Amino acid sequence: MVEGNQEQLFPEGVVLVTRRDLAEGPDLFPEELHAMARATPARRYEFALGRRCAREALALLGGPRVAIPVGRFRDPVWPFGYVGSITHCHGLCAAAVARTLPVNSSCAIRGLGLDSEPAASLSEELAGVICTANECTWLAGRQGDDTPWDRLFFCAKESAYKCLFPTTHRFLEFRDLGVRFDPEHGSFDVVLPSLYGSPSHLHGRYAIQDDVLLAATTWMEEPTRP
Ligand SMILES: CC(C)(COP(=O)(O)OP(=O)(O)OC[C@H]1O[C@@H](n2cnc3c(N)ncnc32)[C@H](O)[C@@H]1OP(=O)(O)O)[C@@H](O)C(=O)NCCC(=O)NCCS
C-alpha cells in the first residue's frame, strides 16, 4: 500500500533522512553511549540508527556534527538553532531536522514531530482510548476503507506530542487532541485544548508506505508584527 508521499511530509526547509541499516557501524558519542549503557543490543542498534539519521540530516543543513543527548523525558536534545524528531518502526528509522529560522523563510519552526506505526488497525478498545467522540463518529463513516484510520489517529497524535514536548514540556492525553484528516490532500490538523495556550493548532501530513504509517507535524510560527 502506498498513499501520500514521504518526500512531502514536511514543508520546505525540513530535511528528512530514512535508513534501514547502519552500514558503517554505530558512531555514537560518549554521552549517547552512556545513555544506552543498560539497553539491549536491539535497542542500542535502533538508537544508533536514529542518531545516524539525525546527524545526516543536520549535516545536510550545514549543522554541526555533535552528540544529540537524551533529555530527561527521552526527548532528543538538538543543538542550538535546530529542531527535530526521530522515529523507528519495523526496522525503518527516520529523523527530520530543520533550522529554527530556515533560510529564505519568514516563519520560524518551533518544533517537528515524526511518528511511525505498523499499518494495522487498533483493537476497538484501544481506538476508544485514543479517539475523541467526534473522531469515533468519523471513523464509523470510514468502515471498509483500506486505510487503518484508527492507527493513523494514534500516529498523528504521537507526532503532535513529539513536536510540542521538547519546547512545552507538557504531557498530553490522547483525547486532549482533536485530529481532523483531509484524505484528499494527505494532511491533518491538530486542535489543542483551549487551556494549552500556544499553539492552538498544528498542521501535519501523513504517508503510508507498505507496512508503515508515517505522520509528521510541524509547529510554525509567523513573526510577531510590531
Ligand atoms: C515518545 C512517544 C510519543 C513515541 O514513541 P514510540 O511511538 O513508542 O516510538 P518512536 O520510535 O516513534 O519514537 C521514539 C523516539 O521519540 C523520541 N522521543 C522520546 N520521548 C520524546 C519526547 N518526550 N518528546 C519528543 N520526542 C521524544 C526519541 O527520539 C525516541 O527515539 P530514541 O529514544 O531512539 O531517541 C511515546 O513513547 C511516549 O512517550 N508517549 C507518552 C506520551 C503520549 O503518548 N501521550 C499521548 C500523545 S497525545
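Everything below is about the structure shown above.
What counts as what
Residues numbered from 1 in each chain as written. Predicted model: local features only at pLDDT ≥ 70, side-chain atom pairs only at ≥ 80, totals over all residues. Heavy atoms only, no water. Helix = DSSP H or I, 4+ residues; strand = E, 2+ residues; numbered from the N terminus. Rg over C-alpha atoms; globule rule 2.2 N^0.38 Å. Buried < 20%, exposed > 50% of the residue type's maximum accessible area, 1.4 Å probe, protein only. Contact = heavy atoms within 4.5 Å. Expected span 1.5 Å × (residues − 1). Core = buried A, V, L, I, M, F, W, Y, C linked by side-chain atoms within 4.5 Å. 1 Å grid on protein atoms, 1.4 Å probe; cavity = no way out; pocket = protein on both sides within 12 Å on 5 of 7 lines; lining within 4 Å. Points joined across faces, edges and corners; volume = space filled by probe spheres on them. Nonpolar A, V, L, I, M, F, W, Y, C, P; charged D, E, K, R; others polar.

Q: Sorry, what's going on with the overall build of the chain here?
A: A tally of helices and strands in the chain yields five helices and nine strands. What you see in the chain, going N to C, is helices and strands ordered as β-β-α-α-β-β-β-α-α-α-β-β-β-β. In terms of C-alpha radius of gyration, the chain reaches 17 Å, essentially the compact-globule figure of 17 Å for 226 residues. Projected onto the principal axes, the alpha-carbon positions of the chain cover approximately 50 × 50 × 30 Å. Taken over 226 residues, the chain has a buried fraction of 46%.

Q: I tried to follow the environment of Ser187 on my own but got confused; where do I start?
A: Residue position: Ser187 is located in strand β7 (residues 187-191). Apart from the residues lying within four places of it in its own chain, the contact partners of Ser187 are Arg180, Phe181, Asp182, His203, Gly204, Arg205 and Tyr206.

Q: Looking at this structure, I do not really get helix α5 (residues 149-168). What am I missing?
A: Within an α-helix, residues lying three or four positions from one another point in the same direction, as the helix has 3.6 residues per turn. Taking 1.5 Å per residue, 20 residues should reach 28 Å; α5 reaches 28 Å between its end C-alpha atoms and fits that length. In the segment just after α5, His169 is the residue with positive phi, at about 50 degrees.

Q: Teacher, can you tell me more about the nonpolar core here?
A: Within soluble globular proteins, side chains that are nonpolar tend to cluster in buried spots. Judged by nonpolar contacts, the single largest core of 27 residues is most densely connected at Phe181, Phe188 and Leu202. The set of elements that each furnish at least two residues to this core consists of α5, β6 (178-182), β7, β8 (201-209) and β9 (212-221). It is α5 that contributes the most residues to this core, nine residues altogether. Residues in contact with Phe181, not counting those within four places in the same chain, are Trp138, Trp149, Leu152, Phe153, Ala156, Ser187, Phe188 and Tyr206. In terms of nonpolar packing, the next biggest core, distinct from the first, is built from 21 residues, Leu22, Met36, Ala57 and Trp78 among them.

Q: For this particular structure, what's the right way to read the layout of surface pockets?
A: The rolling of a water-molecule-sized probe over the atoms marks out the regions of remaining empty space. A volume near 600 Å³ is recorded for the largest pocket. In terms of lining residues, the largest pocket is bounded by 24 residues, among which Arg74, Asp75, Pro76, Ile86 and Lys162 are the most central. Those elements giving two or more residues to the lining of the largest pocket turn out to be α2 (41-60), β3 (82-89), β5 (108-118) and α5. Per-class residue counts for the lining of the largest pocket are 12 nonpolar, five polar and seven charged. Quantified by volume, the second largest pocket comes out at close to 340 Å³. Ser121, Leu139, Ala140, Gln143 and Asp150 are the residues nearest the centre of the second largest pocket, which is lined by 17 residues in total.

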